[in-house]
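If you want the building blocks of each chain, they are given just below.
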Amino acid sequence: MSKTLFLVIFFIIAILSPHVTHAATLHVGAASTSITPDGPVALSGQMHTRVSTEVETPVQANILAIESREGDVVKDQAIFVACGLVAIRGGIAEQVAAELAPRIPDFDIDKLILSATHSHTGPVLVDGNYNIPEGVMTPAAYRDFFTKQVADAVEKAWKGRRPAKAGWGFGNAVVGHNRRMIYADGTAVMHGSKTVDGFRGFEGPDDPGIEMLYFWDENDALIATALSLGCPAQRAGSGSKVNADFWHPIRESLKEKYGKDLVVVGWISTAGDHTPHLQIRKEAEARMNALRGLDEIGEIARRVVQAWEETYDVAKNEQFTDIPFVHQVTHVDLPERMVTKEEMENAKEEAENWSKKEAKFFRRVKWHQSVVDRYERQQAGDIRPYDQKLHTLRLGDIAFATNDFELFLQYGLQMKAKSPALQTFLIQLCGPGTYVPTPYAEAGGGYSAIVQSNEVGSEGGQALTDATVVALKSMWK
Amino acid sequence: MTRGLPFTFGFAIVSIVSLLVPTCVDATTLHIGASSRSITPDQPVALDGQMRTRIARTVETEVQANALAMESRDGDAVVEQALFVACGLVAVGDDIYQGVQEILTQRIPDFDVSKLILSATHTHTGPVVRDGIYEITDEDVIQPRDYKKFLVVRVADAAEAAWTSRKVAKAGWGMAHAVVAYNRRSYFDDGHAQMYGDISIDSFRGIEGPEDHAIEVLYFWGEDDALIATAVNVVCPSQEVEGRSAINADFWHPVREGLKAKYGKDLVVLGWTGAAGDQSPHIRYRKAAEDRMRGFRGLERLDEIARRIIVAWEEAYEGAQQDKRDDLPLVHQIVPIELPRRMVTEAEYEENKVEIERLKQTPGNFRGVEWRGAVLKRYEAQQAGTVEPFMMDLHTLRLGDVAITANPFELYTQFGIQMKAKSPALQTFVIQLAGPGSYVPTPHAAEGGGYSAIAPSNEVGHEGGQKLVDETVKAVKALWEEK
């Protein structure tokens, strides 16, 4: 081959390859911290008040700090904080950012991403949603505690960043189950009965795929791993003890095998219509679990760890040191779901009925009343689009995209299918976490697809998907 | 790994579960036999399953008939019987079934041939078994009628060998998961759906329905605890290499070989396809990521599928072998049922007429013309008032705590999910393609249309699918009401 021809071929390959843009060295830091308070605390995620006086497994914040540099020049940055909470609410993202900004001035605080694992057995963050008894930590006190714990750990992760190598892989584990049942009359019900004659199936598909990310230091020691999983961590859902759900045994198992300092970051992919609760074959699954000597959370962890190891065994052979890292932050206005008159009237009636019941149902009264208030506001001409702060990142061949919601899986499937990345890690619940249903789900109704459950409806869900895909594609141009 | 329960407590739970699951009727001893035969012809053969004619002149992996015979006895008295044969074919027509029955009537008169269940794995790289649907002009290629003569003898050989080798045995069952199937119907913003529709375009809105990643497994051991046979219910047709022009048993070949290598060369492995009319082993999204991982493992796609199934099989086996049963009920019911046919509308009739004329303009569309032509005949029969309902014998079985049911269709997964959810059994094995195998879509799919949910694809529509589910559930419940 002539030298000229060689150069031409090299040039063509260089143009076609996504590896060559913005090559830089990667610096990574990681840290873990407990976000479990010492005293009694109210738990978030159910319609009634639960007070935990005991810790089954500690809820944590797990932090991953990434910076790319070209020589001494900083090219881009990100800090991910995965929290064992139901959602990122009550202003905690802003509170943590305010605390951190002066402590790590070399970090662009706009590039901080907090996400929740959706544990339903983690502390309450928002004032006024539950009737919290005397002697129990208030949401405000918990937010202060959380902020201090997280800020300290983020600072540690950021300041501890060092040259690192990245790798990624993909595996499968059946963890998430679609929890919306459809019926002969066209209705849908979350966790509806599967044994009645009218049951016709599941409303949508599952996503058993697990996207996995690994970081090693220069000595090839595994520093951190992140997993994006299509299922919220809420198997321990209605319990009244602090519990990190399946992320706890996953973390403990991986740390036991791969080093006690390994930081395991748990991300929930789009899974608004999913749950780890078994929907069919419960007895058969229970029998298999019992024969293994595992409970359901232990079995979920077994599957995830098995998928992680299957992937790690081969993915560790391809470690990247010189890859592009881009972090885009944009804002997208998503249309608010409009409340119809009929919906308002139903909500009003529900609010009145629930207000006559025990005080612990206060949350349910508020939930219905908010629809009435929203209707009146909208009728007065005050329509409020949702401001989605959208983070999209590229790391080598893979992409990341965040959203604030409990986004139904079909939107995530669209994002992954239309993304130009080899793997697209989706992180939901980077905000307050209201459900975003599909048009099909809206037609079926039921909790999670009715107006009470949705600040943003299917129109907004599609707008978010389209904006995410545009942002992802722009990083591959 | 956290072990949430100590083993003793675990066994206590198993016992409680066993008590809660209704146990049966008269305990009997179980006799099991199993056998395999090749159903691969020696000469070139046309392959079934695509719209175009493909001729196989090479054998990549052998297609087989794998047979499992069950008989329960009370002392010397026969209580119940069943004979399953899983075939590496796209489907099993009535002519094949009757042909095998005729041979078995002569050869094994102590077997009630109405209790024979033939099923297909749905490989699209097996011989043509339907007359007149492909143009097969090469003289050295075996014609379907001749292949079927060979086939029925081989299937009967496998069945007879299984039957005559039956001996006192123990049974076990279990389940685990493997991601094999992908729902292959995509839907779009205008409401239409399409099998294998492009998922990267702007208008793609999602995947039409669920998958079922469960792997349900039956195990049979001899009195010496040697594993004789296993039946593996995977809710996915075996058609990963469906476009090839060579004989290939698809993923069941490496599954069989993998299990035999580990658990004995005489192990008989039956591959049962669950309700999976809208499923496929073709990866629908994240294909590059999956391929990269597989590349690291140095596996072909069929081997990767087999790896997953074998891992699941072994996980289930680990549990099942702790709970072997040698004293359990076997009941085999056969209920004749009638299902309403999907009616062809006038618009569908006209549309297919136009499409046939278009197809006739291009050579090589023989199969497509024949496929759409059947719709015209159906419409004309409707107009003449001569349409008969779809008649089928519904087989439902109870073996201890598990139920087994068979249907002749490519049944959408939602119907199988309903059967499993409404069944009183601990595990319900659903075997589709125990017959000629036309698609049965859901109402949602019928609205979206597209291949597999349109009139030419459906002899029976969603009303018939629901009736099949209801009849199946009723029959399975009856098995648990036996005294």
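Keep in mind that this is a model prediction, so the values were computed, not measured.

Participant: When you look at the overall build of chain B in this model, what are you seeing that I'm missing?
Facilitator: Across its full length, chain B holds eleven helices and 21 strands. Against the globule reference of 23 Å for 483 residues, chain B gives a C-alpha radius of gyration of 22 Å, in line with a compact fold. Projecting the C-alpha coordinates of chain B onto the three principal axes gives extents of approximately 70 × 55 × 45 Å. The burial tally for chain B puts 54% of its 483 residues in the buried class. At a minimum sequence separation of 6, the contacts of chain B that also span at least 24 residues come to 80%.

Participant: What exactly am I supposed to notice about helix α4 (residues 247-258) of chain A here?
Facilitator: Along an α-helix, a turn takes 3.6 residues, which lines up residues three or four apart on a common side. Residues and elements named next belong to chain A. A rise of 1.5 Å per residue sets the reference length of α4, with its twelve residues, at 16 Å; its end C-alpha atoms lie 16 Å apart and thus fit the reference within 8%. Those residues of α4 not exposed but buried are Trp247, His248, Pro249, Ile250, Arg251, Ser253 and Leu254. Among the residues trailing α4, Gly259 stands out with phi positive, at a value near 115°.

Participant: Sorry if this is basic, but what is going on with the interface of chain B and chain A here?
Facilitator: In many reports, interface size means the accessible area that the parts give up when they come together. Counting from both sides, the interface comprises 52 residues of chain B and, opposite them, 50 residues of chain A. Breaking the side of chain B that touches chain A down by element, the ones donating at least two residues are α1 (7-20), β7 (167-177), β11 (204-207), α5 (287-297), α6 (301-320) and α9 (413-422) of chain B. Per element, the largest residue contribution to the side of chain B that touches chain A is seven residues, and it comes from α5(B). Counted by class, the side of chain B that touches chain A contains 26 nonpolar, 16 polar and ten charged residues.

Participant: Please explain the sheet that holds strand β10 (residues 193-195) of chain B as it appears in this structure.
Facilitator: Strand pairing within a sheet occurs via backbone hydrogen bonds; the two strands may be parallel or antiparallel. Residues and elements named next belong to chain B. The strand order across the open sheet built from three strands is β10-β9-β11, with neighbouring strands paired in antiparallel fashion. Taken across any chain shown, the strands that pair with only one partner, and hence form the sheet edges, are β10 and β11. Adjacent strand axes in the sheet meet at a mean angle of 30°, parallel and antiparallel pairs treated alike. Two strands pair when backbone bridges link them, and strand β9 (residues 185-188) and β10 are joined in this way by three bridges, in the antiparallel orientation. Across the sheet, Tyr187 pairs through a bridge with Ala193, a residue of β10.

Participant: How should I be thinking about the environment of Pro254(B) in this particular structure?
Facilitator: All names here are of chain B. Along the chain, the position of Pro254 falls in helix α4 (residues 252-263). Overall, the presence of 21 C-beta atoms within 10 Å leaves Pro254 in the buried class. As a C-alpha pair, Pro254 and Val79 span 175 residues in sequence and 36 Å in three-dimensional space. Contact partners of Pro254, with chain neighbours within four places excluded, come to Leu302, Asp303 and Ala306.

Participant: For this particular structure, what's the right way to read the sheet that holds strand β1 (residues 29-38) of chain B?
Facilitator: All names here are of chain B. Sheet architecture is open: eight strands sit in the order β6-β5-β4-β1-β7-β12-β13-β14, paired in mixed fashion. Each end of this open sheet is capped by a strand with a single partner; those strands are β6 (116-120) and β14 (268-273). Adjacent strand axes in the sheet meet at a mean angle of 25° when their direction is disregarded. Note that β1 and strand β4 (residues 64-74) share ten bridges and pair antiparallel. Looking at β4, one finds that Ser38 is bridged to Gln64. Together, β7, β12 (214-222) and β13 (227-234) form the strand contacts of α6, whose direction differs from that of β7 by roughly 120°.

Participant: Which parts of the structure should I look at to understand the environment of Val59(A)?
Facilitator: All names here are of chain A. With respect to the secondary-structure elements, Val59 resides in the loop between β3 (50-52) and β4 (60-70). Residue classification places Val59 among the buried residues on the basis of 26 C-beta atoms within 10 Å. Taking the C-alpha atoms as reference, Val59 lies 6.7 Å from Gly122; in sequence the two are 63 residues apart. With near-sequence residues (within four places) excluded, Val59 lies in contact with Ile35, Thr36, Gly84, Leu85, Ser119, Gly122, Val242 and Ala244.

Participant: Could you clarify how one ought to interpret the packing of α4(A) against helix α6 (residues 296-315) of chain A in this entry?
Facilitator: Relative orientation and spacing of two packed helices are given, respectively, by the angle between their axes and the distance between those axes. All names here are of chain A. The interhelical angle for the contact between α4 and α6, taken along N-to-C directions, is 45°, at an axis separation of 8 Å. Considering their axes alone, α4 and α6 lie oblique with respect to each other. Judged by the sense of rotation from one axis to the other, the crossing of α4 with α6 is right-handed. Seen from α4, the contacting residues are Pro249, Ile250, Ser253 and Leu254; seen from α6, they are Ile297, Gly298, Ala301, Val304, Val305 and Trp308. Of the residues assigned to the contact of α4 with α6, the class counts are eight nonpolar, two polar and no charged.

Participant: Looking at this model, I keep getting lost on the pairing of strand β15 (residues 263-268) of chain A. Mind explaining?
Facilitator: Side chains on a regular strand alternate between the two faces of the sheet. Residue and element names in this part refer to chain A. Here β15 lies mainly inside the structure; six of its six residues are buried. Alternating positions in β15 separate into two faces, Val263, Val265 and Trp267 on one and Val264, Gly266 and Ile268 on the other, with burial throughout. Across six bridges, strand β14 (residues 222-229) lies against β15 in parallel orientation. Its bridge partner being in β15, Ala224 is matched across the sheet by Val263. With respect to chirality, the unit in which β14 leads through α4 into the neighbouring parallel β15 is right-handed.

Participant: How should the packing of helix α7 (residues 341-355) of chain A against helix α8 (residues 362-379) of chain A be read in this particular structure?
Facilitator: Residues and elements named next belong to chain A. In the contact formed by α7 and α8, the axes pass within 8 Å of each other and the chain directions differ by 150°. Between α7 and α8, the angle falls in the class roughly antiparallel. Considering only the axes of α7 and α8, their crossing is left-handed. When α7 is examined against α8, the residues Glu343, Met344, Ala347, Lys348, Glu350, Ala351, Trp354 and Ser355 are found in contact with a partner set consisting of Arg364, Val365, His368, Gln369, Val371, Val372 and Tyr375.

Participant: Whenever I open this one, the environment of Phe400(A) confuses me. Can you help?
Facilitator: Residues and elements named next belong to chain A. Position of Phe400 relative to the elements: it lies in strand β19 (residues 398-402). Take Phe400: there are 25 C-beta atoms within 10 Å of it, and that puts it in the buried class. Linking Phe400 and Ile427, residues 27 residues apart in sequence, is a C-alpha distance of 7.4 Å. When neighbours within four sequence positions are excluded, Phe400 is seen to be in contact with Thr392, Leu393, Phe425 and Ile427.

Participant: Mind showing me how you'd approach the nonpolar core here?
Facilitator: Note that soluble globular proteins tend to have their nonpolar side chains buried in a common cluster. If you look at the biggest cluster of nonpolar residues, it comprises 142 residues, and the most contacted ones within it are Val155(B), Ala159(B), Ile215(B) and Ile309(B). Discounting residues that sit within four places of it in the chain, Val155(B) has contacts with Ile39(B), Ala65(B), Val85(B), Cys87(B), Val100(B) and Leu118(B). Core analysis: the next-biggest nonpolar cluster, separate from the first, contains 136 residues, Ile35(A), Ala116(A), Val124(A) and Tyr312(A) among them.

Participant: Would you mind going over the pairing of β6(B) with me for this structure?
Facilitator: Residues and elements named next belong to chain B. The element β6 is extensively covered by neighbouring structure, given that five of its five residues are classed as buried. The side-chain alternation of β6 yields two buried faces, one formed by Leu116, Leu118 and Ala120 and the other by Ile117 and Ser119. Pairing of strand β5 (residues 77-87) with β6 involves five bridges; the strand directions are parallel. Opposite Leu83, over in β6, you have Leu116 as the bridge partner.

Participant: What am I meant to see in unusual backbone geometry here?
Facilitator: Most peptide bonds take the trans configuration, and most residues that are not glycine carry a negative phi. Phi is positive for His118(A), which is not a glycine, with a value near 75°. If you trace the backbone, His118(A) turns up in the loop between β6 (112-116) and β7 (122-123). Positive phi values are uncommon outside glycine, yet Asp250(B) reaches one of about 60°. Taking the number of C-beta atoms within 10 Å as the measure of exposure, Asp250(B) has 29 and is therefore buried.

Participant: How should I be thinking about the confidence of the model for chain B in this particular structure?
Facilitator: Atom-level detail of predicted coordinates should not be read off regions where pLDDT is low. Residue and element names in this part refer to chain B. Residue-level pLDDT values for chain B average 93, and 94% of them are 70 or greater. A low-confidence stretch, residues 1-25 (pLDDT under 50), is modelled with 48 contacts involving residues beyond four sequence positions or located in other chains. Scoring the predicted complex yields pTM 0.93 and, for the interface, ipTM 0.92.

Definitions and cut-offs
Residues numbered from 1 in each chain as written. Chains lettered and ligands numbered in written order. Predicted model: local features only at pLDDT ≥ 70, side-chain atom pairs only at ≥ 80, totals over all residues. Helix = DSSP H or I, 4+ residues; strand = E, 2+ residues; numbered from the N terminus. Rg over C-alpha atoms; globule rule 2.2 N^0.38 Å. Buried ≥ 20, exposed ≤ 12 C-beta atoms within 10 Å, placed from the backbone. Contact = placed C-beta atoms within 7 Å. Expected span 1.5 Å × (residues − 1). Nonpolar A, V, L, I, M, F, W, Y, C, P; charged D, E, K, R; others polar. Pairing = 2+ DSSP bridges. Axes fitted to C-alpha atoms, helices over the stretch in contact; angles between N-to-C directions. Parallel < 35°, antiparallel > 145°, perpendicular 65-115°, else oblique. Left-handed = near helix turned anticlockwise from the far one by under 90°. Right-handed = clockwise from strand over helix to strand, strands pointing away. Core = buried A, V, L, I, M, F, W, Y, C linked by C-beta atoms within 7 Å. pLDDT = per-residue confidence, 0-100.

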